[in-house]
Amino acid sequence: MKKTMLNRLLTAATLALTLSSQAAHAEDTTILEIAWFKLLPGTQETRFLDGAQHVQDNFLPRFDGRIYRELLSQEGGDYWIDSIHWRSVGDFEKAAAEILTDPDGAPIMELIDPSTMAWFHAERVRHWEVGDVPQGDGYTEIQAFRLVAPGSEIEFLMPTTDVEFLASADAIQEQLAAQSGFVDRELFRTTDGWWLDLVHWQSQDAAEAAMAVVMADLTDMESAAMGFVSKIDPKSLKTFGMNQERVW
């Protein structure tokens, strides 16, 4: 692996978070490792999927603490996400320290365009679920954003605190959970102010139907949807729709 690629990956942004459940926000040490990237031009998807399976079979079994792993591809785009839930940051760090140089990591790492890659780990702040994560045909919505901060250029948005934002996230969760096809939602916060909202649905159709309900509610300034959206800095918002390719 080229030195420039190693340097880029080793200095990628790191996220840190805490978990709570919907009913009682109990402490949890679950860590999410997530790699966000495009493949090198000309790379065949089948070759990449074979490489991901090789890492699953030959590299990851050396490390304790894995809960599950997902491989996602962007709906209508070129991005991929390879994510692993770990039981602790120590479990993640052991694997992360070796995959860049280990021969059993190469079948996937050598196919990634390093100029597109963001690689980080995170602790959950909230976790809501009504069923198991889909195993191969699910759909995942991911939003990355910052909260409205003091000095915002957007006059009608008021600066918010983490506590206020989490209250709004709890409120809109009631609406999301009531939608057909909702499965699981995780909310993450970074040490430098970024948030990550990840929602699993049984299908893309279910996700789109739920989004239509939320968008309709934005016409009501007192709705849970407006309360949630108004705390997000729209200039920072990045949204991705992801198809499940593999779950291990």
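For the structure itself, look to the data block above.
Please read all numbers here as calculations on a predicted model, not as lab measurements. Sequence order as written defines the numbering, with residues in each chain counted from 1. Per-residue local features are limited, in this predicted model, to residues with pLDDT of at least 70; the limit for side-chain atom pairs, both in listing and counting, is 80 or more; totals at the level of whole chains, interfaces and linings are taken over all residues. No hydrogens and no water enter the side-chain calculation; it runs on all heavy atoms of the structure.

Asker: Explain helix α3 (residues 89–99) residue by residue, including any values.
Answerer: Every buried residue of α3 is listed here: D91, F92, A95, A96 and I99. For α3, the arc enclosing every buried residue in end-on projection is 120°, short of the 170-degree limit, so these residues lie on one face. For α3, the exposed residues set more than 90 degrees away from the buried face come down to K94 and A97. By definition in these notes, contact holds between two residues if any of their heavy atoms fall within 4.5 Å. We count a stretch as a helix when DSSP gives it H or I for four or more residues in a row; a strand needs E for two or more, and each element gets its number in order from the N terminus. In the core, the buried residues of α3 are packed alongside β1 (31–37), α2 (45–59), β3 (80–86), α4 (106–109) and β4 (118–129). Burial classes: relative accessible area under 20% of the type maximum marks a residue as buried, over 50% as exposed, and values in between as partly exposed (1.4 Å probe, protein chains only). Taking the helix axis as origin, the arc is that swept by the directions to the C-beta atoms.

Asker: Lay out the packing of aromatic side chains with the relevant residues and their values.
Answerer: Any pair of Phe, Tyr and Trp rings, taking the six-membered ring for Trp, is counted once the centres come within 6.5 Å. Such a pair is stacked with planes under 30 degrees apart, edge-to-face with planes over 60 apart, and tilted for the rest. This model, assessed by the stated rule, comprises ten aromatic pairs. Residues F48 and W80 carry aromatic rings whose centres are separated by 4.9 Å and whose planes lie at 65° to one another, so their mutual orientation is edge-to-face. Residue F48 is located in helix α2, and its partner W80 is located in strand β3; the two are separated by 32 residues in the primary sequence. Among the residues examined, F48 registers a relative accessible area of 0% and is labelled buried. Accessibility expressed as a relative area gives 6% for W80, which makes it buried. Aromatic side chains Y79 and F240 sit 6.0 Å apart centroid to centroid with 75° between the ring planes, which places their arrangement in the edge-to-face category. Of this pair, Y79 sits in the loop between β2 (66–74) and β3 while F240 is found in strand β8 (residues 238–247), placing the two residues 161 residues apart along the sequence. With relative accessibility at 23%, the residue Y79 sits in the partly exposed group. Here the aromatic cluster, defined as three or more aromatic residues joined through ring pairs, consists of F145, F165, W195 and F228.

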